[in-house]
Amino acid sequence: IIIHKLYQETDEVNSSVRSSVKGVAYINNRTWDTAEYTIPMQAINSFFVMTNIIQTENQVEEKCPEYPFNKSVCSSDEFCEEGSVNVLSNGVQTGRCVNYNATVKTCEVKAWCPVESMEGPPEPAVLRSSENFTVLIKNNIHFPKFNTTVLNTPSILNTSCIYNKKTSPLCPIFRLGDILHEAKENFSQMAVKGGIIAIEINWDCNLDSWFYNCVPKYSFRRLDHRKISPGFYFRYARYYRLPHGVEQRTLFKAYGIRFDVLVFGTGRKFNAIELIKNIGSMISYFGLVVSAIEVAICVGNCSGGGKSPFYKIYNRKKYDTVLDPRQVMYVSYVDEPHVTLIKKPLKTSLQHTQGRIVESHPVKFRDAGSYCYSESNENHDSEESEPMRTGESNKNHDNEDYELGQPLRREASSPDCQKWCCCGKCRPAQEYHEQLCCRKKEGQCITTSRWFQQLVLSHHTLEKALLYKDPFLDLTEDNKNAWLRRCAYEQYVHWRFGSFDLEDRAVVPSCCRWKIRDTFPKAVNNYTGFKMK
């Protein structure tokens, strides 16, 4: 914003140019002053200085031989067509073939005679001394949006100064030779055929009062091509009337340099709206930072052979795949520290199906029921006051606490161990989605751990968890096992998956499922599912 001055409003320049050439030359017994070598403007904001000339004097309108060229040379009248006009001809043919000189015949024409010579311009140039002429350029500019007018000339002009890029860069008086030197041209060579030179005036104005700066910068360059049809010339005539009434003229073919003054520039002034608008635009570019970082990460991954662990982590964190809950399952293994997502349909057992990691393993049991066991030995008087506590239940809890306190024994693996089972406790299952073990690799079953006994199978813990949610829950003998079995499933899911949100998609391993069913059996052994319904 600061470097490109985007806090300012801009306006294009309006310009007017005036020029005045000064200089005198004495050549071939003739004095050439401003009236001789300056011609009225050929274009807007331009001036012309004559540097070379071909002069044809004493021309009168009559019949004379054409200047020799391929279409005018003849040997008899048959080659000349009366009334014919050629592009290069100086007049209209009369139909006669006449002598141009002792050796050449040409078609006779009715024209201003004698006709102009077609020879090239003289070398060196006639007015080569015009290199020392000077020109004063007055340039007025106006910025209508800011109502500001600026001039390139001071109120009191030092007429003795001459422009110099280093010593006098603001002087509006220019030496013609210096102009061509700045344009990297040789004046003597260019003066022979002429040419077109641009004098560029650039106004880059800061119109703020606290940083005001508005001065012109001059530059110069050649506009016509050096090799393809170089040069610039035109013809004009001066007419006279002789005493006997005949009109006579002198024809001039003037070669010279046309100087085009090109003015361009911009005025700038502080504007609060522009500042606010551009600040907003610049802030939006910070959004490109994300794309730049992604490109850098992708390039780094490609340069490393596409196996960068950082890229895999970044890609997993960046994209969150939204799946149909009915098409996914979550599994958790006791020997792996994460939860795995598996998509349906299954083509093999759930145990052997490859999935992807979705989150780190929670490792902590956070439900209110988790505190129940730790509180089981506190304040027995208050526990006896609960409506659901009976002498029989206290006895059951005491027996359960005693059993949980004994060291666990590792049971022998079942002789009917399944191929997909790694703990030796899973039971046969026909459906792929039921073929899941608590472990990924062979080892001790989670059902033999003390925490499984305390958190999932403890009557005391499960009852407290149920009553914590619903203090008036009726845990009669008819439906007690159903409630405890349901709560055990929930406790296992929350323990191993870290959230109740996954309970409808989390799969309980076969060994754990049957351990819960055996601990809290149904009256009729007809279990309908392996997930908590």
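This text goes with the structure placed above it.
Residues numbered from 1 in each chain as written. Predicted model: local features only at pLDDT ≥ 70, side-chain atom pairs only at ≥ 80, totals over all residues. Heavy atoms only, no water.

### Some words on the overall build of the protein chain
To keep things clear, this is the line we draw: Note on conventions: DSSP H or I runs of at least 4 residues are helices, E runs of at least 2 residues are strands, and numbering of each starts at the N terminus. Here a residue-residue contact requires only that any non-hydrogen atoms of the pair lie within 4.5 Å. Surface exposure here means Shrake-Rupley accessible area, sampled with a 1.4 Å probe, where a residue is shielded only by the protein chains that are shown.
Each helix and strand in the protein chain was counted, giving 12 helices and 18 strands. Contacts in the protein chain between residues at least 24 apart in sequence constitute 65% of all its contacts with a sequence separation of at least 6. For the protein chain, the exposed area adds up to about 31,400 Å²; of that, 52% sits on carbon and sulfur atoms.

### Focus on the pattern of salt bridges
Condition: Each salt bridge in this description consists of a side-chain nitrogen of Lys or Arg and a carboxyl oxygen of Asp or Glu lying within 4 Å of one another. Each residue gets one of three labels from its accessible area relative to the maximum for its type: buried under 20%, exposed over 50%, partly exposed in between, using a 1.4 Å probe on protein chains only.
All told, the structure shown has 17 salt bridges when counted by the stated rule. For Glu9, the salt bridge identified is with Lys145, shortest N-O distance 3.5 Å. Of this pair, Glu9 sits in strand S1 (residues 8-12) while Lys145 sits in the loop between strand S9 (134-143) and strand S10 (148-151), and the two are 136 residues apart along the sequence. Glu9 sits in the partly exposed class, given a relative accessible area of 23%. Lys145 gets classed as partly exposed once you look at its relative accessible area, which sits at 47%. Glu36 serves as the salt-bridge partner of Arg30, at 2.8 Å between the closest nitrogen and oxygen. When salt bridges with common partners are traced through the structure, they connect Glu185, Arg222, Asp224 and Arg226 into a single cluster.

### Brief notes about the packing of aromatic side chains
Applicable threshold: Only Phe, Tyr and Trp rings are paired, with Trp represented by its six-membered ring, and only when their centres lie within 6.5 Å; those with planes under 30 degrees apart are stacked, over 60 edge-to-face, the remainder tilted. Geometrically, a charge over a ring is one whose NZ (Lys) or CZ (Arg) sits within 6 Å of the ring centre while staying within 35 degrees of the ring normal.
The full count for this structure, using the stated rule, is 20 aromatic pairs. With 6.2 Å between their ring centres and 90 degrees between their planes, Tyr492 and Trp495 make a pair best called edge-to-face. Of the two residues, Tyr492 and Trp495 are both situated in helix H11 (residues 480-497); the distance of 3 residues between them amounts to about one turn of the helix. The ring of Trp514 has Arg517 sitting right over it, with the charged end atom 4.7 Å from the ring centre.

### Points about unusual backbone geometry
A cis amide bond links Cys113 with the next residue in sequence, Pro114, at an omega value of 0 degrees. By the element assignment, Pro114 lies in the loop between strand S8 (105-113) and S9. Of the consecutive residues Lys344 and Pro345, the connecting peptide bond is found in the cis state with omega at -5 degrees. Structurally, Pro345 is set in the loop between strand S17 (338-343) and strand S18 (356-360). A positive phi angle, near 55 degrees, is found at Asn147, a position not held by glycine. Within the secondary structure layout, Asn147 lies in the loop between S9 and S10.

### Some words on a nonpolar patch on the surface
Note the threshold: Within this analysis, patches are made of residues with over 30% relative accessible area and no salt bridge. Like charges are joined at 9 Å or less; nonpolar side chains (Val, Leu, Ile, Met, Phe, Trp, Tyr) at 5 Å or less.
Together, Ile279, Ile283, Phe286, Val289 and Ile293 give the surface a local cluster of nonpolar side chains, amounting to about 480 Å² of exposed area. Every element with two or more residues in the nonpolar patch is listed here: helix H4 (272-284) and helix H5 (288-303). Tracing the chain through its elements places Phe286 in the loop between H4 and H5.

### Quick word on empty space enclosed by the protein
Put simply, the rule is: In this analysis, the protein atoms alone were mapped onto a 1 Å grid. Cavities are point sets where a 1.4 Å probe fits without being able to get out; pockets are open sets with protein on both sides within 12 Å along at least five of seven lines; lining residues have an atom within 4 Å of a point. Grid points are joined across faces, edges and corners, and a volume is the space filled by probe spheres set on the points. Residues are grouped as follows: Ala, Val, Leu, Ile, Met, Phe, Trp, Tyr, Cys and Pro are nonpolar; Asp, Glu, Lys and Arg are charged; all remaining types, including Gly, are polar.
Evaluation of the coordinates by the stated rule reveals 1 cavity of 30 Å³ or more. The computed volume of the largest cavity comes to approximately 40 Å³. When its residues are assigned to classes, the lining of the largest cavity shows 3 nonpolar, 4 polar and 2 charged.

### With respect to the environment of Phe497
As for its position among the elements, Phe497 is in helix H11. On the basis of relative accessible area, Phe497 is assigned to the buried category, the value being 1%. Counting along the chain gives 166 residues from Phe497 to Val331, while the straight-line C-alpha distance between them is 8.1 Å.

### Quick notes on the pairing of strand S7 (residues 92-99)
This is how it is decided: When DSSP locates at least two bridges between a pair of strands, those strands are taken to pair.
Looking at chain direction, S7 and S8 are connected through 5 bridges and run antiparallel. Bridge pairing links Asn99 to Lys105 in S8. What sits between S7 and S8 in their antiparallel hairpin is a turn of 5 residues.

### Quick word on the packing of helix H9 (residues 450-457) against H11
The test is simple: Between N-to-C directions, angles cover 0 to 180 degrees, with each direction set by a line fitted to C-alpha atoms, over the stretch in contact for helices. Under this scheme an angle from 65 to 115 degrees is roughly perpendicular, one under 35 degrees roughly parallel, and one over 145 degrees roughly antiparallel; angles in between are oblique.
Look at H9 against H11: their axes get within 8 Å of each other, and the N-to-C directions meet at 130 degrees. Regarding the angle of H9 to H11, the classification is oblique. Residue-level inspection shows Trp451, Phe452, Leu455 and Val456 of H9 in contact with H11, the latter providing Ala488, Gln491, Tyr492 and Trp495. For the contact of H9 with H11, a count of residues per class yields 7 nonpolar, 1 polar and no charged.

### A short note on the state of the cysteines
The line we're drawing: Count a disulfide wherever a pair of cysteine sulfur atoms falls within 2.5 Å.
With the rule as written, the count across this model stands at 5 disulfides. Between the sulfur atoms of Cys74 and its disulfide mate Cys97 the distance is 2.0 Å. What sets the handedness of the Cys74 and Cys97 disulfide is the S-S torsion sign, and at about 100 degrees it is right-handed. Taken as a pair, Cys74 in the loop between strand S6 (46-65) and S7 and Cys97 in strand S7 lie far apart in primary sequence, 23 residues in all. Two residues, Cys80 and Cys107, share a disulfide whose sulfurs are 2.0 Å apart. Judged by the sign of its S-S torsion, about -90 degrees, the cystine formed by Cys80 and Cys107 is left-handed. Pair noted here: Cys80 is in the loop between S6 and S7 and Cys107 is in strand S8, with a separation of 27 residues, a long-range link. Grouping residues by exposure puts Cys80 and Cys107 together as buried. Cys302 carries a free sulfur, and the closest cysteine sulfur to it, the one in Cys298, is 6.5 Å from it.

These values are about where atoms sit, not about what they do.
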